[in-house]
Amino acid sequence: MYFSAKNTDMDFLNPQIEEYALAHSQDESEILKELNRETYAKVMMPRMLSGHLQGRVLSMLSKMIRPKNILEIGTYTGYSGICLAEGLADDGKLYTIDINEELEKMVRSYFAKAGIDKKVDYRIGNAMQLIPSINAMFDIVFIDADKENYSNYYDLVFDKVNKGGFIIADNVLWSGKVLDNESKMDVDTKAIYNYSKKINTDKRVENLLLPVRDGLMIARKL
Ligand code: SAH
Ligand code: CA
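Source: prediction; values computed, not measured.

### Quick look at the confidence of the model for the chain
Per-chain confidence: the chain averages 95 in pLDDT, with 95% of residues scoring 70 or above. For the stretch residues 1–8, pLDDT sits under 50, and the model shows 18 contacts to residues farther than four places along the chain or on other chains.

Spelled out as C-alpha cells, the structure:
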C-alpha cells in the first residue's frame, strides 16, 4: 500500500492490539477504502480522516442511536459523515459543515457514490456562522472542526440537541498533549482541555471520554 491507513501519531492502542481489533471488526466499505486512499494521495493533512477503527465506532454508535438528524461540524473529505450516515433513520438527514470549499467536488462525489447524497445537507462556510441558520433538532452532533471553537460549538448547538441526544467531540486527547502542564499548553491543547473540563462539570449532560484513537468525548443530554 502506498499510503498509511493509520494515524500513527494519534494512536494510543498498542499497534498489535489495534490490528487485532481491526481484524475482528467489520471491514470498511469499498467506497470508504477508496476515499481513504484518495485522501492520502491528494489532500493535505490526511491524518485528520477518521479511518477504519474510528469510522466503525461512529457507524456503530449511529446504528445504536438511529438518529433522525445528525449535525457534523468538520466534513473534511466526508469519511466520518458517510460512517455516521450509516445509522440514519429512513427519513433521516445528515447536515455537515466545512469551511474548505476546495474539497467540495470530492466530497459531493463520495456522498453520491455512497448513495447518501439525497440524505445530506452539505454546507460550506464557517460553522460558527452557519449553525444558527440550521433549523433542525439533532440526535447526534459530531464536533470535529477547529479545536479553538469546540466550546463555542457546544454552546451553539446545545439547544438544538434533543433530550437524550448526543454531542460527540473528536480528538479530545490531542495526541496526549492534554496531559501537559496547563501553563505550557498551546492554544489548541488548552481549548480541548477546557472543553473536556466544561463537559465534565455540565450538569445538563452525562459524559464518557472514550479513549479510542485520539479520544472521543461523548455527552448525552439529560
Ligand atoms: N470529520 C472528518 C475530519 C475533519 S478535519 C473525518 O473524521 O474524516 C477538520 C475539518 O474542519 C477540516 O476539513 C477543516 O476545513 C474544518 N474546519 C476548520 N475550521 C472550520 C470552521 N470554522 N468552520 C467549518 N469547518 C471548519
Ligand atoms: Ca478528528
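### Here we look at the site of ligand 1
Among the 19 residues in the neighbourhood of ligand 1, the closest are listed as Ser50, Gly74, Ser80, Asp98 and Asp144. At a separation of 2.9 Å, a nitrogen atom of ligand 1 approaches a polar backbone atom of Ala127. Contact between ligand 1 and Tyr153: a nitrogen atom at 3.3 Å from a side-chain N or O atom of the residue. Taken by itself ligand 1 offers 580 Å² of open surface, and the protein chains cover 91% of this.

### With respect to the coordination of the calcium ion (ligand 2)
At the metal site, the calcium ion (ligand 2) is ligated by Asp144 (OD), Asp144 (OD), Asp170 (OD) and Asn171 (OD1), and these contacts range over 2.2 to 2.8 Å. When the donor residues of the calcium ion (ligand 2) are listed from N- to C-terminus, their spacing reads D-x25-D-N. Taken together, the residues span a long stretch of sequence, with Asp144 in the loop between β4 (138–143) and α7 (150–157) and Asp170 in strand β5 (residues 161–170) at a distance of 26 residues. Of the two residues, Asp144 and Asp170, both sit in the buried class.

### With respect to the packing of aromatic side chains
For the structure on display, the rule yields 5 aromatic pairs. With centroids separated by 5.5 Å and ring planes inclined at 90 degrees, the aromatic side chains of Tyr95 and Phe138 adopt a geometry described as edge-to-face. Pair noted here: Tyr95 is in strand β2 (residues 93–98) and Phe138 is in strand β4, with a separation of 43 residues, a long-range link. For the pair Tyr95 and Phe138, a shared accessibility class is recorded, and that class is buried. Joined through ring pairs, the aromatic side chains of Tyr150, Tyr154, Phe158 and Tyr195 make up one cluster. In this structure, Arg204 is placed above the aromatic ring of Phe158, and the distance from its NZ or CZ to the ring centre is 3.7 Å.

### Here's the deal with the environment of Tyr110
Along the chain, the position of Tyr110 falls in helix α5 (residues 104–113). For Tyr110, a relative accessible area of 1% corresponds to the buried category. Remark: the alpha-carbon pair of Tyr110 and Gly78, spanning 32 residues in sequence, is separated by 7.2 Å. With residues near it in sequence (within four places) discarded, Tyr110 still touches Ile31, Glu34, Leu35, Glu38 and Ile82. Engagement of the side chain of Tyr110 in a polar contact is seen with the side chain of Glu34, the distance being 3.2 Å.

### Some remarks on a nonpolar patch on the surface
Taken together, the side chains of Met44, Met45 and Met48 make up a nonpolar region of the molecular surface, amounting to roughly 370 Å² of accessible area. With respect to the helices and strands, the residue Met48 is situated in the loop between α2 (30–42) and α3 (51–65).

### Observations concerning α3
Compared with an ideal rise of 1.5 Å per residue, which puts 15 residues at 21 Å, α3 spans 21 Å between its outermost C-alpha atoms and is within 8% of the ideal. Listed as buried for α3 are Gly51, His52, Leu53, Gln54, Gly55, Arg56, Val57, Leu58, Ser59 and Ser62. Immediately beyond the C-terminal end of α3, within one or two residues, lies Arg66, with a positive phi of roughly 50 degrees.

Rules used throughout
- Residues numbered from 1 in each chain as written.
- Chains lettered and ligands numbered in written order.
- Predicted model: local features only at pLDDT ≥ 70, side-chain atom pairs only at ≥ 80, totals over all residues.
- Heavy atoms only, no water.
- pLDDT = per-residue confidence, 0-100.
- Contact = heavy atoms within 4.5 Å.
- Near = heavy atom within 4 Å.
- Polar contact = N/O pair within 3.5 Å; in protein donor to acceptor, adjacent residues only side chain to side chain.
- Areas by Shrake-Rupley, 256 points an atom, 1.4 Å probe, with all protein chains shown as cover.
- Donors = N, O, S within 2.8 Å, 3.2 Å for Na, K, Ca; no water.
- Helix = DSSP H or I, 4+ residues; strand = E, 2+ residues; numbered from the N terminus.
- Buried < 20%, exposed > 50% of the residue type's maximum accessible area, 1.4 Å probe, protein only.
- Phe/Tyr/Trp six-rings, centres within 6.5 Å; stacked < 30°, edge-to-face > 60°.
- Lys NZ or Arg CZ within 6 Å of the ring centre and 35° of its normal.
- Patch = residues over 30% accessible without salt bridge, like charges linked within 9 Å, V, L, I, M, F, W, Y side chains within 5 Å.
- Salt bridge = Lys/Arg side-chain N within 4 Å of Asp/Glu carboxyl O.
- Expected span 1.5 Å × (residues − 1).

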